[in-house]
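Fold and geometry: a report
Listed here are the chains, written in short residue letters.
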Amino acid sequence: RSWSEDKAHKVWEIYKRMKERYSNGDVSLKPNKIILTSIINVCGYPTKSPAGKKTSLKVLLECMLELQTSKFINPDSKTICTLLNALKYTVENDAQLYRIGAAVFELSCKKGLTDELVLNTLKDSYPKLYQKLPFYDGATGHLEMNQMPSEWSRHVRRRRKK
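So, how was this worked out
Residues numbered from 1 in each chain as written. Predicted model: local features only at pLDDT ≥ 70, side-chain atom pairs only at ≥ 80, totals over all residues. Heavy atoms only, no water. Helix = DSSP H or I, 4+ residues; strand = E, 2+ residues; numbered from the N terminus. Buried < 20%, exposed > 50% of the residue type's maximum accessible area, 1.4 Å probe, protein only. Contact = heavy atoms within 4.5 Å. Areas by Shrake-Rupley, 256 points an atom, 1.4 Å probe, with all protein chains shown as cover. Core = buried A, V, L, I, M, F, W, Y, C linked by side-chain atoms within 4.5 Å. Axes fitted to C-alpha atoms, helices over the stretch in contact; angles between N-to-C directions. Parallel < 35°, antiparallel > 145°, perpendicular 65-115°, else oblique. Left-handed = near helix turned anticlockwise from the far one by under 90°. Nonpolar A, V, L, I, M, F, W, Y, C, P; charged D, E, K, R; others polar.

1. Examining the overall build of the protein
Looking only at helices and strands, the protein features 7 helices and 2 strands. When its helices and strands are written in sequence order, the protein yields α-α-α-α-α-α-α-β-β. For the protein, the C-alpha atoms occupy an extent of roughly 50 × 40 × 30 Å along the three principal directions. A burial count over the protein gives 42% of its 162 residues as buried. Partitioning the intrachain contacts of the protein with sequence separation of at least 6 by distance along the chain shows that 68% fall at a separation of at least 24. Summed over its atoms, the accessible surface of the protein is roughly 10200 Å², and 50% of this surface lies on carbon and sulfur atoms.

This is the structure:
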């Protein structure tokens, strides 16, 4: 983990060069979820300076756009959780954090990636958002999982029972 203020910018520039080279025929540089999740993770450890956080946030928003539009990247719930956690350490304004966190959660639901890991991250990092879920039981503080729309988790890999 580097404390360089421009580390997020540097990794994003490397990623853009990789994409360009892949587009030009170098199949060994195909973008994937591991690479993008690693970039998100770098942004989740921003420097304490406002400039470092601003750069990290800009790259996180670029990553979010990439998750929405890329033909190559098939994120999973770990990618979504890494993004939610990185935003928590990068965005200082609570209202902005809530809006962006809600957009990431919406992306998770649209892509069918919402599993227990995503919901637990939401509960720990975005409690107001968690409590607004339509299947949240305010009396118990728990989710009624059987009421979660099935399309929210349609691409979640289920663990096999041994």
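2. Brief notes about the nonpolar core
In terms of nonpolar packing, the biggest core is built from 39 residues, with Leu-36, Leu-83, Leu-87, Val-104, Phe-105 and Leu-133 touching the most fellow members. At the level of elements, helix 1 (7–23), helix 2 (33–43), helix 3 (50–69), helix 4 (77–90), helix 5 (94–110), helix 6 (116–125) and helix 7 (127–131) are the ones that each hand at least two residues to this core.

3. Here we look at the packing of helix 1 against helix 2
With their axes 9 Å apart at the nearest point, helix 1 and helix 2 run at an angle of 165 degrees to one another. When the interaxial angle is binned, helix 1 and helix 2 end up roughly antiparallel. For the crossing formed where helix 1 meets helix 2, the hand is left-handed. Residue-level contacts link Lys-7, Ala-8, Val-11, Trp-12, Tyr-15 and Met-18 of helix 1 to Ile-35, Leu-36, Ile-39, Val-42 and Cys-43 of helix 2. Of the residues in the contact of helix 1 with helix 2, the class split is 10 nonpolar, no polar and 1 charged.

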